2 protein chains.
Amino acid sequence: MKNFFGPKTIVVVGVSKEKRKIGNVIFRNLKNKFKTIPVNMHEKEILGEKCYYSVSDTKEKIDLAVIAVPAEFVIAVTKECGEKGIRNVIIISSGFKESGNERLEYELQKILEEYNIECIGPNCLGVFDAHTGLDCLFLPKEKLRRPIKGGISFISQSGALGAAMLDVLADGGYGFSKFISYGNGLILNETDFLKYLGKDKNTEVICMYIEGIKNGKKFLKIASKIKKPIIAVKGGKFSKGAKAIMSHTGSLVGQYEVYKGALKQAGVVLVDSLEEMFDTAKMFEKIKRNSKKRIQIITNGGGYGVLMSDALEENKLELAEMSLENKKYLKEKMPKAVAVGNPIDLLGDADVKRYKLALEVCEKDKNVDIIVLILLLQTPVIDEKIVEVAKSVKKPVIVVSTGSHSKQIISRKLEKSGIPVYAYTDQVARALKNVCF
Amino acid sequence: MKNFFGPKTIVVVGVSKEKRKIGNVIFRNLKNKFKTIPVNMHEKEILGEKCYYSVSDTKEKIDLAVIAVPAEFVIAVTKECGEKGIRNVIIISSGFKESGNERLEYELQKILEEYNIECIGPNCLGVFDAHTGLDCLFLPKEKLRRPIKGGISFISQSGALGAAMLDVLADGGYGFSKFISYGNGLILNETDFLKYLGKDKNTEVICMYIEGIKNGKKFLKIASKIKKPIIAVKGGKFSKGAKAIMSHTGSLVGQYEVYKGALKQAGVVLVDSLEEMFDTAKMFEKIKRNSKKRIQIITNGGGYGVLMSDALEENKLELAEMSLENKKYLKEKMPKAVAVGNPIDLLGDADVKRYKLALEVCEKDKNVDIIVLILLLQTPVIDEKIVEVAKSVKKPVIVVSTGSHSKQIISRKLEKSGIPVYAYTDQVARALKNVCF
């Protein structure tokens, strides 16, 4: 499967001269990083590259074909790929099972099987790999930002949903590894990608948007063997959603409760929303499963401390109880009005020095495993020095910071230092729960 | 109470010459809009205004006093205000019940009662009114943006939490009316403010962060008479959170389940998080209670349509079933692959024209009450024309749009046209549920 992510030579079939056309966008994205050959029966040259009439006409050994021609030509092109000895094919084209053309899809399957071709698609966005630079997303970069290199991979049955998520991840500065949009999943499906990413050295956390699982037993077996966190959102929980899936990727959808139980048993974290999926992924990058999880809250807003405490308790998470000695020490060193408990309420006029003192004591306290640091940056006394202070703490620090975009300068710096930042207390609690259980 | 929001003359007690000090910031904020007199026993002049030694020395009739002196001087200052005939006082100063000084708070109460003074605080941020411009928030505008004029008011027992929310509201372009941070709520409390905002012509939706309710019966009676939506977040749901409140605003906290039942009966929408509070407030500005709620989804991303449908069903909301005639019409007019059901999946290449057609048919369909419009703007074919198209629809349109900040140009324009925009499907479903039940 590695030819999908790091091929030597690629052929793109269906490259129009028109800049906005799918084939053209894909060709441009790929040719910057890989040896990429365009195929189009009507053109002789595209963007300075010799354009071939057909796949059979190309001379080189080809590792990957990306097909973006109208549905009715896909079978012929795929056959040529097979004849040419290409074993990895991404079929972007739609117009198969999802639009009622069961027959066409069946014929395509026969060809793919005959030539033993590994195929992603049809009806998909294909692949994006932040590490190798492979990018068949036909959405222009000004519309869809690409995330930076990192550890989160995302397998999505839905292309547009995946694209929206990539855009959000890029914007949030999340580190990313591989995105796979597999559409109808005719040959390769969720199970194959899961298995591959389980072994992929650049992938630390696997996120999935699943509508249906083709081979449930195999999927669960593979999932339960993977030690990396797997976080999944299931589309089609209810009958109406399930109905919508039929016309989307043509998948048959099982009963949600059955899925839920089975996935949980296989160690998959099933979450309720896309937002929760990435909140959780971010948390997994910082906090390992099976470690102790006694949480200390430090805040400069009393109400936020209360809500954080509520949210942790609601999610059955454990609040830390600092040693009497450390509490006494903090009380002595802090202004009188500071509340030393859990939360530690540093009050609205808390500056970085006060935060530093609280963090240092929590860091050395044996009853504290994780620190939730609430930073309401509307006060004038906290500046960027807080980033260095938080970074130097040798226990996991999770930040809650709510506010307008101007606050995001500090948030972004914190995230770059490996400290996850969330806007709301309940996001933190949900993500922590997903990591802790 | 109206002197808190639109006074003729204000005195600020405790105005330092130092720009970063609380009194100074408040004085500067107020003097731009109101006749404002500074009091400080050490200064003769501040920012070009004559500074008085004490409240008693001032000559004018004064409608509102804002007190920002250390706790130990508050009682003497308040007494002077009483003698001077000032009936409205905001006490910003902390160091009372919340830090264990029950005695000082009790003495303050006696003075306030003796002179029949309406008091907000102590231990609070005070008041902000987007309509009159009254602003005692001592947080500088570059740290805490102020929201524009509009219909949402927010009563908050916690100051810092309120400030963070104002910052978020300003950033999101929400229209705002009054913010009241009342801290310890010694004289005026949540019940008084609720009553006032219930009659306030600029307030359309009342949001509340409550830790404890001082006079439960009265609160519920008033709440049940108010026809405007009241949305509340309760701090201290659980024992640990409740404990944190003691050192925050000194409130005693009742059992959450009791609150929940009683508030619901009084028509208050109790939500789980601050995010949900504003998601719901935004929805209430668009959709009235007790109207029909059959929802039609239109999407350009199949997966998002599935998740939206799931989320609506999970929240027991009703999906619309368009008339056969309209479905037939749409099928004829749309490209073959478009799925005409609920959701209507316009596919990834949907342009504004395709959206317009779908919206027009939903608008005239008698079985559709509300339209949830999913706009994944990662595709190159949707432009700003969508704003005009969505705006012209004569049924409530709710937009879901996920993506990086560059997408927010269109989102902001939609919101300015009165169309609420949400990032995630589950936010919409939760907010709709809160409005519909």
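Located above this text is the structure these notes cover.
(A) The relation of the copies chain B and chain A, seen in detail. By a simple turn and slide, chain B fits onto chain A: the slide is 0.0 Å along the axis, the RMSD is 0.0 Å, and the turn is 180 degrees. The transformation relating the two chain copies, once decomposed into turn and shift, fits a two-fold axis. When C-alpha positions in chain B are compared against the rotation axis, the closest is assigned to H405 of chain B, at 4.9 Å. The share of interface residues of chain B whose copies in chain A are also at the interface is 100%, consistent with both copies meeting through the same surface.

(B) Quick look at the packing of helix α5 (residues 190-199) of chain A against helix α6 (residues 216-225) of chain A. Residue and element names in this part refer to chain A. The N-to-C vectors of α5 and α6 enclose an angle of 15 degrees; their axes lie 9 Å apart at closest approach. Between α5 and α6, the crossing angle belongs to the class labelled roughly parallel. Crossing geometry of α5 relative to α6 is assigned as left-handed. Only K218, F219, I222 and A223 of α6 make contact with α5, whose side of the interface consists of E190, T191, D192, L194 and K195. For the contact of α5 with α6, the residue count by class is four nonpolar, one polar and four charged.

(C) Looking closely at the interface of chain B and chain A. Tallying the contact residues gives 67 residues for chain B and 68 residues for chain A. Roughly 5400 Å² is buried in total at the junction of chain B and chain A, and carbon and sulfur atoms are behind 59% of that figure. Of all residues in chain B, K143, Q378 and Y424 of chain B bury the most surface against chain A, accounting for 11% of the area lost on that side. Taken together, the connections running from chain B to chain A amount to two salt bridges. Between E314 of chain A and K237 of chain B there is a salt bridge, and its shortest N-O distance comes to 3.0 Å. Where chain B meets chain A, there are 16 residue pairs in polar contact (both at pLDDT 80 or more). If you list the elements that add at least two residues to the side of chain B that touches chain A, you get α4 (159-172), β12 (230-234), α7 (239-246), α9 (274-286) and α10 (302-314) of chain B. Its residues placed into classes, the side of chain B that touches chain A shows 28 nonpolar, 22 polar and 17 charged.

(D) Representation of the environment of Q265 of chain B in the model. Residue and element names in this part refer to chain B. The topology assignment puts Q265 in helix α8 (residues 256-265). Overall, the relative accessible area of 73% leaves Q265 in the exposed class. For the pair Q265 and S224, spaced 41 residues apart in sequence, the C-alpha separation works out to 7.9 Å.

(E) Region of interest: the sheet that holds strand β8 (residues 126-129) of chain A. Residue and element names in this part refer to chain A. Taken together, the six strands give an open sheet; going across it, the order is β8-β10-β9-β11-β12-β13, and neighbouring strands pair in mixed fashion. Two strands close off the open sheet at either side, each with one partner strand: β8 and β13 (268-271). With strand direction ignored, the average angle separating the axes of adjacent strands in the sheet is 25 degrees. Sheet topology places strand β9 (residues 148-156) next to strand β10 (residues 175-181); six bridges connect them, and they run parallel. Looking across to β10, one finds that I155 is bridged to I180.

(F) The packing of helix α2 (residues 71-84) of chain B against helix α3 (residues 102-114) of chain B, seen in detail. Residue and element names in this part refer to chain B. Across the interface, α2 lies against α3 with an axial gap of 9 Å and an inter-helix angle of 10 degrees. Accordingly, the angle class assigned to the pair α2 and α3 is roughly parallel. On α3, the residues that touch A71, V74, I75, T78 and K79 of α2 are L104, E107, L108, I111 and L112. Broken down by class, the residue content of the contact of α2 with α3 amounts to seven nonpolar, one polar and two charged.

(G) Fine view of the pattern of salt bridges. Enumeration over the complete set of coordinates arrives at 38 salt bridges over all chains. A salt bridge links E43 of chain B to K17 of chain B; the shortest N-O distance between them is 3.8 Å. Here K17 of chain B lies in the loop between β1 (9-13) and α1 (22-31) and E43 of chain B lies in the loop between β2 (35-39) and β3 (45-46), a separation of 26 residues in the sequence. A relative accessible area of 51% means that K17 of chain B is categorised as exposed. Overlapping salt bridges, with partners in common, bring together D129, K178 and D200 of chain A in one network.

(H) Looking closely at the pairing of strand β11 (residues 205-210) of chain B. Residues and elements named next belong to chain B. Counting buried positions over the six residues of β11 gives six, a clear majority of the element. By the alternation rule, side chains of β11 split into V205, C207 and Y209 and I206, M208 and I210, which are all buried. Sheet analysis places strand β9 (residues 148-156) next to β11, joined by five bridges and oriented parallel. The residue bridging I152 from the neighbouring strand is V205, located in β11. Note: β11 against β12, five bridges, orientation parallel. Note that in β12 the partner of I206 across the bridge is I230. Where the polypeptide runs from β11 across helix α6 (residues 216-225) and back to β12, its parallel neighbour, the crossover connection is right-handed.

(I) Geometry of the side chain of N326 of chain A. Its place among the elements puts N326 of chain A in helix α11 (residues 324-333). Ignoring any residue separated from it by four or fewer positions in sequence, one finds N326 of chain A in contact with V361, K364 and D365 of chain A.

(J) Representation of the environment of L357 of chain A in the model. All names here are of chain A. Tracing the sequence through the fold places L357 in helix α12 (residues 352-364). Owing to a relative accessible area of 17%, L357 belongs among the buried residues under this scheme. Along the sequence, L357 and F34 sit 323 residues apart, while their C-alpha atoms lie 52 Å from each other. Residues contacting L357, with those up to four places away along its chain left out, are Y329, L330, K333 and M334.

(K) Inspection of the state of the cysteines at higher detail. Residues and elements named next belong to chain B. Evaluated as defined, the whole model comprises zero disulfides over all chains. In this structure C136 is not part of a disulfide, and its nearest cysteine sulfur, from C124, lies 7.5 Å away. In this structure C207 is not part of a disulfide, and its nearest cysteine sulfur, from C436, lies 17 Å away.

(L) Molecular detail of the sheet that holds strand β6 (residues 88-91) of chain B. All names here are of chain B. The five strands are arranged β2-β1-β5-β6-β7 in an open sheet whose pairing can be described as parallel. Each having just a single partner strand, β2 and β7 (118-120) make up the two edges of the open sheet. Neighbouring strand axes in the sheet, compared pairwise and without regard to direction, differ in orientation by 20 degrees on average. The pairing of β1 with strand β5 (residues 64-67) spans four bridges and is parallel. The partner of V12 across the bridge, within β5, is V66. Its contacts with the sheet place α2 against β1, β5 and β6, and it is angled at close to 170 degrees to β5.

(M) The arrangement of helix α15 (residues 425-436) of chain B in detail. Helix length check: α15 of chain B, at 12 residues, gives a terminal C-alpha distance of 16 Å against a target of 16 Å (1.5 Å per residue), a fit within 8%. Taken residue by residue, α15 of chain B has T425, D426, Q427, V428, A429, R430, A431, L432, N434 and V435 of chain B as its buried positions.

(N) Local environment of a positive patch on the surface. Residue and element names in this part refer to chain A. A surface patch of positive charge is lined by K195, K199, K218, K221 and K225. At three residues, α6 tops the list of elements feeding residues into the positive patch. On the secondary structure map, K218 appears in helix α6.

(O) Spatial organisation of unusual backbone geometry. With an omega dihedral of -5 degrees, the bond running from G121 of chain A to P122 of chain A counts as a cis peptide bond. In this fold, P122 of chain A is placed in the loop between β7 (118-120) and β8. For the bond running from N342 of chain B to P343 of chain B, omega is 10 degrees, close enough to zero to count as cis. Residue position: P343 of chain B is located in the loop between α11 (324-333) and β16 (344-345).

Conventions and cut-offs
- Residues numbered from 1 in each chain as written.
- Chains lettered and ligands numbered in written order.
- Predicted model: local features only at pLDDT ≥ 70, side-chain atom pairs only at ≥ 80, totals over all residues.
- Heavy atoms only, no water.
- Least-squares fit on C-alpha atoms with pLDDT ≥ 70 in both.
- Contact = heavy atoms within 4.5 Å.
- Axes fitted to C-alpha atoms, helices over the stretch in contact; angles between N-to-C directions.
- Helix = DSSP H or I, 4+ residues; strand = E, 2+ residues; numbered from the N terminus.
- Parallel < 35°, antiparallel > 145°, perpendicular 65-115°, else oblique.
- Left-handed = near helix turned anticlockwise from the far one by under 90°.
- Nonpolar A, V, L, I, M, F, W, Y, C, P; charged D, E, K, R; others polar.
- Buried area = accessible area lost by both parts, 1.4 Å probe.
- Salt bridge = Lys/Arg side-chain N within 4 Å of Asp/Glu carboxyl O.
- Polar contact = N/O pair within 3.5 Å; in protein donor to acceptor, adjacent residues only side chain to side chain.
- Buried < 20%, exposed > 50% of the residue type's maximum accessible area, 1.4 Å probe, protein only.
- Pairing = 2+ DSSP bridges.
- Right-handed = clockwise from strand over helix to strand, strands pointing away.
- Disulfide = S-S within 2.5 Å.
- Expected span 1.5 Å × (residues − 1).
- Patch = residues over 30% accessible without salt bridge, like charges linked within 9 Å, V, L, I, M, F, W, Y side chains within 5 Å.
- Areas by Shrake-Rupley, 256 points an atom, 1.4 Å probe, with all protein chains shown as cover.
- Lys, Arg positive; Asp, Glu negative; His and termini not counted.
- Charge placed at Lys NZ, Arg CZ, Asp CG, Glu CD.

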